[in-house]
Amino acid sequence: MMQQSDDDNKSHDLEFTTSVDSSIPQNVPVPPPPSSHPTNNVLSNMIQSPVTTTTQSSQQPSSYTPSAISFLNKSSHPTACLFHILFKGLGFTIYMMGSKFMEDIMVTVICILLLAADFWVVKNITGRLLVGLRWWNKVDPVTGMTNWIFESAASNSHNSNARNNSFDSRFFWSVLYLTPVLWTLCFLSAMFWFEFQCFVTLSCALVLSVSNVYGYYKCSADQREKLKQWMDSGAEFGVRAMVRNGTLGWILGRFSGGRDGGGRMQPVPQQDIMPGTFA
């Protein structure tokens, strides 16, 4: 038995004996085992491509801008432009559609709060940032009199960029002038349909919006000059239209006919009527 076991050990030693052949190159990469199914290289590239695309897109910042506010890209203060119309739009929307969802008294209260917020924002923030103007009042502690102060930023101040931005200026003045026009139309419509419950809201809207218009009009010398030019051109256009249609001559003839230079009636000579004939 011992002899047989020694023979078995010798046989095992012979099986694990190895030798290295230096003629064969070492460290050669082992090729992958052949697949049992053919592989489509184009399809495999298409499957792997989304992973690479996702990695690249995650590293690039997104430049998407909502189309609703994309027009504010030209503004130097887009946030101020947004708040310049935010409370106006909310107040007008609540006034037009709020009665369908709540009582009239709630509509009035919410609209007045939104209009007051809009008045404060326009008076203290958007006017200073967008056009470099500000108006405010100061009470004299001695006499108790109220002094109204209308200011315009100097050209070399930090607000000069806002004033030089034509988009900000057009946007500010267009919205400022359009607001009282819309509320005036709503007021006339309420009078026509006898909606007396809306008069409180509309009166507050008109007073606050017209106050901002007047205040900034007094601040801006440019707007005063433009208004004077508009009035002169409008008057000139009206006179030309009246002359073209002959209306001016008719009006002057009605007022000057039958009067002398001093404004007294001139006697009209009477024609002699022959007796026996029809006059």
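None of the values given here were measured: they were computed from a predicted structure.

The rules behind the values
Residues numbered from 1 in each chain as written. Predicted model: local features only at pLDDT ≥ 70, side-chain atom pairs only at ≥ 80, totals over all residues. Heavy atoms only, no water. Helix = DSSP H or I, 4+ residues; strand = E, 2+ residues; numbered from the N terminus. Buried < 20%, exposed > 50% of the residue type's maximum accessible area, 1.4 Å probe, protein only. Contact = heavy atoms within 4.5 Å. Areas by Shrake-Rupley, 256 points an atom, 1.4 Å probe, with all protein chains shown as cover. Expected span 1.5 Å × (residues − 1). Axes fitted to C-alpha atoms, helices over the stretch in contact; angles between N-to-C directions. Parallel < 35°, antiparallel > 145°, perpendicular 65-115°, else oblique. Phe/Tyr/Trp six-rings, centres within 6.5 Å; stacked < 30°, edge-to-face > 60°. pLDDT = per-residue confidence, 0-100. Pairing = 2+ DSSP bridges. Salt bridge = Lys/Arg side-chain N within 4 Å of Asp/Glu carboxyl O.

(A) Spatial organisation of the overall build of the protein chain. Counting its secondary structure elements, the protein chain contains 9 helices and 2 strands. Counting from the amino terminus, the protein chain carries its helices and strands in the arrangement α-α-α-α-β-β-α-α-α-α-α. Expressed as a percentage of its 279 residues, the buried residues of the protein chain come to 21%. For the protein chain, restricting intrachain contacts to residue pairs at least 6 apart in sequence, the fraction spanning at least 24 positions comes to 62%. Summed over all atoms, the accessible surface of the protein chain reaches about 21500 Å², with 63% contributed by carbon and sulfur.

(B) Highlighting helix α3 (residues 78-97). Across its 20 residues, α3 extends 28 Å between first and last C-alpha, which sits within 8% of the 28 Å expected from 1.5 Å per residue. Within α3, burial applies to Ala-80, Cys-81, His-84, Phe-87, Lys-88, Gly-91 and Tyr-95. Those residues of α3 that are buried are in contact with α4 (104-130), α6 (166-192) and α7 (199-219).

(C) Spatial organisation of the packing of α3 against α6. It is the contact of α3 with α6, at a shortest axis distance of 10 Å, that shows an interaxial angle of 10°. Judged by the inter-axis angle, α3 sits roughly parallel to α6. On the side of α3, the interface is formed by Cys-81, His-84, Ile-85, Lys-88, Gly-91, Phe-92 and Tyr-95, while α6 contributes Asp-168, Phe-171, Phe-172, Val-175, Leu-176, Thr-179, Trp-183, Cys-186 and Ala-190.

(D) Inspection of the packing of aromatic side chains at higher detail. Across all of its chains, the model carries 13 aromatic pairs by this definition. Grouped by ring-pair contacts, the aromatic residues Phe-172, Trp-173, Tyr-177 and Tyr-216 constitute a single cluster.

(E) Seen up close, the side chain of Thr-201. Topologically, Thr-201 is positioned in helix α7. Residue classification places Thr-201 among the buried residues on the basis of a relative accessible area of 2%. Setting aside residues no more than four positions away along its own chain, Thr-201 makes contact with Tyr-95, Thr-108, Cys-111 and Leu-115.

(F) Quick peek at the environment of Leu-188. With respect to the helices, strands and loops of the structure, Leu-188 is situated in helix α6. Expressed as a C-alpha distance, the spacing of Leu-188 and Leu-202, which sit 14 residues apart in the sequence, is 9.8 Å.

(G) Region of the structure containing the confidence of the model for the protein chain. In this model, the protein chain carries an average pLDDT of 75, and 60% of its residues clear a pLDDT of 70 or more. Highest mean pLDDT in the protein chain belongs to α4 (96); lowest belongs to helix α2 (residues 41-59) (46). Here residues 49-65 scores under 50 on pLDDT; set against residues more than four positions off or in separate chains, the count is 2 contacts. When the criterion is pLDDT under 50, residues 270-279 qualifies, and its contacts beyond four places in sequence or with other chains add up to 1 contact.

(H) View of the pairing of strand β2 (residues 146-152). Here strand β1 (residues 133-139) runs beside β2; their pairing, made up of 7 bridges, is antiparallel. Bridge pairing in β2 places Arg-134 opposite Glu-151. Linking β1 to β2, which pair antiparallel, is a turn of 6 residues; within it Gly-144 sits at a positive phi near 80°.

(I) Molecular detail of the pattern of salt bridges. Across all of its chains, the model carries 3 salt bridges by this definition. Lys-88 is the partner of Asp-118 in a salt bridge, and the nearest nitrogen-oxygen pair spans 2.9 Å. In this pair, Asp-118 is assigned in helix α4 and Lys-88 in helix α3, connecting sequence segments 30 residues apart. Residues Asp-118 and Lys-88 agree in their burial class; the two are buried.

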